[in-house]
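In case you want the letters, here they are:
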Amino acid sequence: MLQVARLAPKLLGDSTELVRGFLLSQLNADGGFRDRDGASDLYYTVFGLEGLLALQAELPAESVATYLRSFGEGAELDFVHLACLARCWADLPSPLRARQPTAPIAAALARYRTVDGGYNGDGDSRQANLYGCFMAVNAFQDLGREPPDAEAIMHCVQKLRSADGGYSNLPNMQQGLTPSTAAAATLLRYFGQSTPPQLDHWLLAQHAPDGGFYALPGAPLPDLLSTATALHGLTGLHADIRPIQDACLDFIDSLWTNQGGFHGNWADDALDCEYTYYGLLALGHLSL
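Quick notes on the rules
Residues numbered from 1 in each chain as written. Predicted model: local features only at pLDDT ≥ 70, side-chain atom pairs only at ≥ 80, totals over all residues. Heavy atoms only, no water. Salt bridge = Lys/Arg side-chain N within 4 Å of Asp/Glu carboxyl O. Helix = DSSP H or I, 4+ residues; strand = E, 2+ residues; numbered from the N terminus. Buried < 20%, exposed > 50% of the residue type's maximum accessible area, 1.4 Å probe, protein only. 1 Å grid on protein atoms, 1.4 Å probe; cavity = no way out; pocket = protein on both sides within 12 Å on 5 of 7 lines; lining within 4 Å. Points joined across faces, edges and corners; volume = space filled by probe spheres on them. Nonpolar A, V, L, I, M, F, W, Y, C, P; charged D, E, K, R; others polar. Core = buried A, V, L, I, M, F, W, Y, C linked by side-chain atoms within 4.5 Å. Contact = heavy atoms within 4.5 Å.

Before we go on, may I ask you to explain the pattern of salt bridges in this structure?
Two side chains with opposite charge may pair up if their charged atoms get near one another. By the definition in use, this model includes eight salt bridges. Among the ionic pairs, Glu17 bridges to Arg20, the shortest N-O distance being 2.1 Å. Here Arg20 and Glu17 lie together in helix α3 (residues 16-25), a separation of three residues that amounts to about one turn. Judged by its relative accessible area of 52%, Glu17 is exposed. Arg242 is the salt-bridge partner of Asp240, the closest N and O atoms lying 2.9 Å from each other. In this structure, a network of salt bridges that share partners links the residues Arg36, Asp268 and Asp272.

Okay, structure coming up:
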């Protein structure tokens, strides 16, 4: 994803500096990036770092490392923030990255492995979900390790296909979700598995007439998360996105502000690092 997001300045042009400035404005004094309430949060720190890397900006690496060290080995973190801790360390330059508590984070991730061999952020769940599998695989990559029992993870992913041909976060669902379907396509490709026929058609069917992608069939508004992940999934599936390129660009432009950040959808009044990064990812794919 980051490699593609680095292409966003081709379309941003002179506005690249505004986006860089916005991301840097979200850095708190303790080295973490702000959530929507202004507090430092590992989840938003991932997107702050990845956004700056995408724009090839200098990272506030020492400050961020100080923030990361405040979480120690991650023993008190939930699943999502544990995975974010791994990603944040992985984004830092090599001398600092060497301080990552790799083995303890990997051991902590094991608490979220389900009996069916996948992962679920709910530590009490016996059944994997797609978000958990996707986050875990990425976290192991960030730790420089292969996830244990890839075959079991793939089996879990396959069980999460919805009745309409997409993928959902839970089994036996009638409708798929756009981010989940894109995540499934990415995981299948990563593990060298073939994707179901027509999966690209399912994703393309979620494209809104005015641009952007819906999170699921029948959603009232397209959103930036669904748009970025759909474009990422479609590109991985080698689908032709040229027919929707201009409409998607218009949609993304409608969410950008001269403060340098992106809104999540037309009803969203806030700006944050997360959706700004998704704006960069979507623009990167549309610049290809």
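Still more to cover.
Teacher, can you tell me more about the layout of surface pockets here?
In this model, the largest pocket occupies a volume close to 1,000 Å³. Lining the largest pocket are 38 residues, with Met1, Arg87, Phe134, Met135 and Asn138 positioned closest to its centre. Those elements that place two or more of their residues in the lining of the largest pocket are α4 (42-54), α6 (79-91), α9 (130-142), α11 (178-190), α13 (224-236) and α15 (273-286). In terms of residue count, α9 provides more of the lining of the largest pocket than any other element does, nine residues in total. Residues that form the lining of the largest pocket fall into these classes: 25 nonpolar, seven polar and six charged.

Can you help me understand the nonpolar core in this one?
Note that soluble globular proteins tend to have their nonpolar side chains buried in a common cluster. Core analysis: the biggest nonpolar cluster contains 94 residues, and Leu68, Leu92 and Leu187 have the highest contact counts within it. Setting aside its immediate chain neighbours within four residues, Leu187 contacts Leu130, Cys133, Phe134, Val137, Met154 and Val157.

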